[in-house]
Amino acid sequence: MSEEYPIQSVDMNDPRYPRLLRLIQNPPRKLYYRGDIALASKAAIAVVGARKATDYGKWAAANLAKTLVEYGLVVVSGMAYGIDSEAHRGALAAGGKTVAVLGCGVDVCYPTRNFRLMKEILEQGLVLSEFEPGTTPRDFTFPLRNRIISGLCVATAVVEAGLHSGSLITAERAAEQGRSVYAVPGNINRAMSFGCNKLIRDGALPIVVFDDIAKDLKLVRADAVEKRAETLGVAERAIYAALCRRGEMTVDELCLETGMPPQDINGVVTVLEMKGVVETAGGRIFASD
Amino acid sequence: MAGTHIIKSAGLSGVSGFGVAVEVSITNGLPGFVIVGLPDNSVRESRERVRAAIKNIGLEFPMRRILVNLAPADTKKEGPIYDLPIAIGLLAASEQIDPVSEKAMFVGELSLDGELRPVTGMLPMALSARADGIDSLFVPKACALEASIAEGIKVYPAGHICDIIDHLRGERPIEPAPPYDLAACEPDRLDFSEVKGQPSVKRAIEVAVSGAHNILLTGVAGGGKSMMARRIPSVLPPMSMEEMIESTAIHSAAGLTNKSAPLLTRRPFRSPHHTVSTSGMAGGGKTPKPGEISLAHNGVLFLDEFPEFQRNVLESLRQPLEDGSITITRAAWTCTFPSSFMLVCAMNPCKCGWYGHPNGKCGCSEEAVKNYARRISGPILDRIDIFADVPSLAYGDLASAGKSESSAKIRERVTAARARQLDRQGTPNARMSGDRLAAHCVLSREGAELMRAAYDKFALSARAYGRILKVARTIADLAGSRGIETEHLAEAIRYRNSGMLET
């Protein structure tokens, strides 16, 4: 397997280094990875939760991941049993992209029984870790890993968590990093719901329907994008598509993405604004709902 | 023998010169030396310098009653510039030298041993002398270069009063200063090629500079707002001779001329600190002195950390931004200074400077952010044509090795666009009058529809409407287009105040 997906590394001086991860307090200097590193810089949502998940939790994780993929988002998780695995599987099943962040070397499969899942992730996504290849998982490596999971993402969603779940650490890191935290509410008579419900009481955003996260990010479903794009001209479509992929962008980012000069971008954005397709604020341009 | 003699000299009022006649009368009576004609202290002290200088060069200081009158007698005179004309007048009145031609003018400060020291405001005085029909001008050596900018007048540079006496006696004529040599101006040391990334802001600046539009750059700390603003002089269009002389005269009156290259050949760029006072900004003082807005005449006034300026200082910009000049009235005087400049402002979006940055460092509440923006009053925002957001730089932009476009290239396009405007209406687009606006900013049917939609959708004001048209005209000029096309208008609409700053 390692011949097929060679181990590579990327350091902070590299433009391929994940965009959002660079902004956290203590970003890892070097990341080891296998697969497509560009995924780590795309708009992503972390879907995490307990290993000992209930059927409800597994169902929620898989469907949440599927919904996120439909909006063109990347699903990031930790490849542990339970919620993490379901999140990866849900994303893969929907034909989406997913990133697994490991608490061990990228050549080590932990847990070993997820061997097949890891292979699928390598095929369609990315596996990365800050630990040297060959590092075996230890107690302290997982909390460290959690800051990378939340650091890669614009938001972290906790699907199911007990009282002392590691997912709560991920949520805490996300909040410290200034990213949004979502939680899937659960029955209050179940131990596995306690962590999530407590997060909501502490101010996390509850996921009432699976589209909530994407709605908050002002994203549009990939199929709706296509429908709307049909009414637009060539340049308008290029800009609109880029905005739908990334959620929000500056004019400069649009220049890089589309190769058009800023004066043309500005002109087209005005027209798109008139058509009600995009909105602007504080120098950023958003695709409207 | 008693005698009276009149020597021509000059004075400075605001940024223009005026002729002064120095009348020296020597009569019999108790020895004394009196200067009348509203002299200030530094003029009154001339007596001692003149007395010492005449004695030290071995000539006779008349021990009789000396009266000096500075006409017109109702205008205040200040500065040590009358040392030389008083000394020459004294020597002529006491017949130690022959009477001096009416068409000669003298200015200069004397040292105690007769050396001539430079004076401020040489150029405006030389210009007024030329207008008054003076044909030869005797000035301290250090001012000669500046005086020679006034073409058509013979400038005699002198290092010592003896040089002038020898010249007047016909013993050792002074070589007149050669006409001012417009030496090739050296290029700016700062260049836009040093600014990485930020293509959209550079474009906004290019548009602003082309039409002399006022621009506000808003963005988080470290985006390069000041860095880009400081490079604006390197892309400004060249000055006409008339503009150079106008600006140089103002700088001269403020005593800011560079003695080795007195003529301003590049447009001035002034960036006063935000602690500047109202009179520092607008002009004023005991005697009228031009402020920063006048020193920026024909050039750029850059206000970094815009909301940090005192409110009354910013409000003082209102009339000059509209009229291109400022009239200052004090109890003792009223003075009008030219102040036609392009305003460039830079500000952070909030007090801590991080609002909107993806790192989420900003700790300001929404209310605090609004309050920060509200420090700038509506009328001032209403006079800004282009609002540009400066995004924070991604690491990749900084690390990229490629150089961006050089200032010389941008300046070429700016100069061409500005030339088109001057050909068409004689002013940059930003200063187009209302009737010109209607004549030169005609929209196509499609354009008019877009404008109408924008007017409704963004709830634009009438003033904003006019501003967008002017900016669209500039964009069309940059593109070399006769009419304003829809894409020009669409780009101009993007530069409006997008609502971060409420008016």
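Residues numbered from 1 in each chain as written. Chains lettered and ligands numbered in written order. Predicted model: local features only at pLDDT ≥ 70, side-chain atom pairs only at ≥ 80, totals over all residues. Heavy atoms only, no water.

> Is there a simple way to think about the overall build of chain B in this case?
Within chain B one finds 21 helices and 18 strands. Sorting the 503 residues of chain B into buried and exposed places 53% on the buried side. Within chain B, contacts between residues separated by at least 24 positions form 73% of all contacts whose residues are at least 6 apart in sequence. In the structure as shown, chain B presents an accessible area of about 21,400 Å², 51% of it carried by carbon and sulfur atoms. (Helix = DSSP H or I, 4+ residues; strand = E, 2+ residues; numbered from the N terminus. Buried < 20%, exposed > 50% of the residue type's maximum accessible area, 1.4 Å probe, protein only. Contact = heavy atoms within 4.5 Å. Areas by Shrake-Rupley, 256 points an atom, 1.4 Å probe, with all protein chains shown as cover.)

> Which parts of the structure should I look at to understand the overall build of chain A?
A tally of regular secondary structure across chain A gives eleven helices and twelve strands. Residue burial in chain A is summarised as follows: out of 289 residues, 56% are buried. In chain A, once contacts between residues fewer than 6 apart in sequence are set aside, the share between residues at least 24 apart is 68%.

> What should I look at first to understand a nonpolar patch on the surface in this one?
Residue and element names in this part refer to chain B. A grouping of Val34, Val36 and Leu67 is seen on the molecular surface, where their side chains present a nonpolar patch of about 170 Å² in accessible area. Tracing the sequence through the fold places Val34 in strand S3 (residues 32–36). A relative accessible area of 30% means that Val34 is categorised as partly exposed. (Patch = residues over 30% accessible without salt bridge, like charges linked within 9 Å, V, L, I, M, F, W, Y side chains within 5 Å. Salt bridge = Lys/Arg side-chain N within 4 Å of Asp/Glu carboxyl O.)

> Would you mind showing me how to read the pattern of salt bridges here?
Where charged atoms from two side chains of opposite charge come close, those side chains can pair. Counted according to the given criterion, the structure contains 30 salt bridges over all chains. Note that Lys275(A) is salt-bridged to Glu236(A), the shortest N-O span being 3.0 Å. Note that Lys275(A) is positioned in the loop between helix H11 (262–274) and strand S11 (278–281) and Glu236(A) in helix H9 (residues 234–246), a separation of 39 residues in sequence. For Glu236(A), a relative accessible area of 13% corresponds to the buried category. For Glu273(A), the salt bridge goes to Arg496(B), with nearest N and O atoms at 3.3 Å. Placement of the pair is Glu273(A) in helix H11 and Arg496(B) in the segment after helix H21 (486–494), with the two residues belonging to separate chains. The class of Glu273(A) is buried, set by a relative accessible area of 4%. Residue Arg496(B) is classed as buried on the basis of its relative accessible area, which comes to 10%. Salt bridges here are not isolated pairs; linked through shared partners, they connect Glu322(B), Asp382(B), Arg383(B), Arg463(B) and Arg467(B).

> Mind showing me how you'd approach the packing of helix H2 (residues 46–56) of chain B against helix H3 (residues 83–93) of chain B here?
Geometrically, a packed helix pair is captured by the angle between its two axes and the distance between the axes. Residues and elements named next belong to chain B. Following both chains from N to C, one finds H2 and H3 inclined at 55°, their axes separated by 10 Å at the closest point. Taken together, H2 and H3 sit at an angle that is classed as oblique. Like other packed secondary-structure pairs, H2 and H3 cross with a definite hand, here right-handed. Contacts from Ser46, Arg49, Val50 and Ile54 of H2 reach H3 at Asp83, Ile86, Ala87, Leu90 and Leu91. Broken down by class, the residue content of the contact of H2 with H3 amounts to six nonpolar, one polar and two charged. (Axes fitted to C-alpha atoms, helices over the stretch in contact; angles between N-to-C directions. Parallel < 35°, antiparallel > 145°, perpendicular 65-115°, else oblique. Left-handed = near helix turned anticlockwise from the far one by under 90°. Nonpolar A, V, L, I, M, F, W, Y, C, P; charged D, E, K, R; others polar.)

> Teacher, can you tell me more about empty space enclosed by the protein here?
Over the atoms, a rolling probe the size of a water molecule traces out where space has been left empty. The tally for this structure, following the rule as stated, stands at four cavities of 30 Å³ or more. Its boundaries defined by the atoms lining it, the largest cavity holds a volume of some 260 Å³. Val251(A), Phe387(B), Ala388(B), Asp389(B) and Arg494(B) are the residues nearest the centre of the largest cavity, which is lined by 19 residues in total. Within the residue set of the lining of the largest cavity, elements represented by two or more residues are helix H10 (251–258) and S11 of chain A together with helix H7 (199–211) and strand S18 (386–390) of chain B. When its residues are assigned to classes, the lining of the largest cavity shows eight nonpolar, seven polar and four charged. (1 Å grid on protein atoms, 1.4 Å probe; cavity = no way out; pocket = protein on both sides within 12 Å on 5 of 7 lines; lining within 4 Å. Points joined across faces, edges and corners; volume = space filled by probe spheres on them.)

> Looking at this model, I keep getting lost on the packing of aromatic side chains. Mind explaining?
The relation between two aromatic rings is expressed through the spacing of the ring centres and the mutual angle of the planes. By the definition in use, this model includes eight aromatic pairs over all chains. Seen in terms of ring centroids, Tyr455(B) and Tyr465(B) are 6.0 Å apart; in terms of plane orientation they differ by 85°. Their pairing is edge-to-face. Here the residue Tyr455(B) occupies a position in helix H19 (residues 445–457), and Tyr465(B) occupies one in helix H20 (residues 462–478), the gap between them amounting to ten residues. Take Tyr455(B): its relative accessible area is 33%, and that puts it in the partly exposed class. We classify Tyr465(B) as partly exposed; its relative accessible area is 33%. An aromatic cluster of at least three residues, connected via ring pairs, comprises Tyr56(A), Trp59(A) and Phe210(A). Lying over the aromatic face of Phe142(A), Arg51(A) brings its terminal NZ or CZ to 5.7 Å of the ring centre. Geometry around Phe458(B) places Arg496(B) over its ring, the cationic atom sitting 3.6 Å from the centre. (Phe/Tyr/Trp six-rings, centres within 6.5 Å; stacked < 30°, edge-to-face > 60°. Lys NZ or Arg CZ within 6 Å of the ring centre and 35° of its normal.)

> Quick question: what am I supposed to make of the interface of chain B and chain A here?
Frequently, the measure chosen for interface size is the accessible area that the parts lose on association. Facing 26 residues of chain B, the contacting portion of chain A comprises 26 residues. The junction of chain B with chain A conceals about 2,100 Å² of combined surface from both sides, 61% of it contributed by carbon and sulfur atoms. Where chain B packs against chain A, one counts one salt bridge. Looking at the side of chain B that touches chain A, the elements with two or more residues in it are H7, helix H16 (395–399), H19 and H21 of chain B. Among the elements that take part in the side of chain B that touches chain A, H21(B) stands out by supplying five residues, more than any other. Its residues assigned to classes, the side of chain B that touches chain A comprises twelve nonpolar, six polar and eight charged. (Buried area = accessible area lost by both parts, 1.4 Å probe.)

> Before we go on, may I ask you to explain unusual backbone geometry in this structure?
Of all residues except glycine, most have a negative phi; of all peptide bonds, most are trans. Across the junction of Tyr110(A) and Pro111(A), the peptide omega takes the value -5°, indicating a cis bond. Along the chain, Pro111(A) turns up in the loop between strand S5 (98–101) and helix H3 (115–124). Across the junction of Ala71(B) and Pro72(B), the peptide omega takes the value 0°, indicating a cis bond. Looking at the element boundaries, Pro72(B) is found in the loop between strand S4 (65–71) and H3. A positive phi angle, near 55°, is found at Glu305(B), a position not held by glycine.

> Hey, could you run me through the sheet that holds strand S3 (residues 44–48) of chain A in this one?
Hydrogen bonds along the backbone pair up the strands of a sheet, which may run parallel or antiparallel. Residues and elements named next belong to chain A. Overall, mixed pairing links the nine strands, which are arranged S1-S2-S6-S5-S4-S3-S7-S8-S9 in an open sheet. In this open sheet, the two strands that pair with only one neighbour each are strand S1 (8–11) and strand S9 (205–206). Note: S1 against strand S2 (residues 30–35), four bridges, orientation antiparallel. Bridge assignment links Val10 to a residue of S2, and that residue is Leu31. (Pairing = 2+ DSSP bridges.)

> Just checking my understanding: could you explain the confidence of the model for chain B for this structure?
Should the pLDDT be low somewhere, the predicted coordinates at that spot are not to be read in detail. Chain-level statistics for chain B give a pLDDT mean of 89 and a share of 95% at 70 or above. Predicted complex metrics record ipTM = 0.73 and pTM = 0.70. (pLDDT = per-residue confidence, 0-100.)

> Quick question: what am I supposed to make of the packing of helix H4 (residues 122–131) of chain B against helix H9 (residues 241–253) of chain B here?
Residues and elements named next belong to chain B. Interaxial distance between H4 and H9 falls to 6 Å at its minimum, and their mutual angle equals 120°. As summarised for this structure, H4 and H9 are arranged oblique, according to the angle between their axes. Along its contact with H4, which presents Met122, Leu123, Pro124 and Leu127, the element H9 presents Ile245, Thr248, Ala249 and Ser252. Here the residues of the contact of H4 with H9 are counted per class, giving six nonpolar, two polar and no charged.

> In this structure, what is going on with the side chain of Arg231(B)? I would like to understand it.
Residue and element names in this part refer to chain B. By the secondary structure assignment, Arg231 is in the loop between helix H8 (225–229) and H9. Judged by relative accessible area, which is 9%, Arg231 ranks as buried. Ignoring sequence-local partners within four residues, the contact set of Arg231 consists of Leu190, Asp191, Phe192, Glu194 and Val195.

> Explain the environment of Tyr56(A) to me, please; I cannot follow it from the model alone.
Residue and element names in this part refer to chain A. Here Tyr56 is to be found in helix H1 (residues 55–70). Classification of Tyr56 by relative accessible area gives partly exposed; the value is 31%. A C-alpha to C-alpha distance of 9.5 Å links Tyr56 and Val159, two positions 103 residues apart in sequence.

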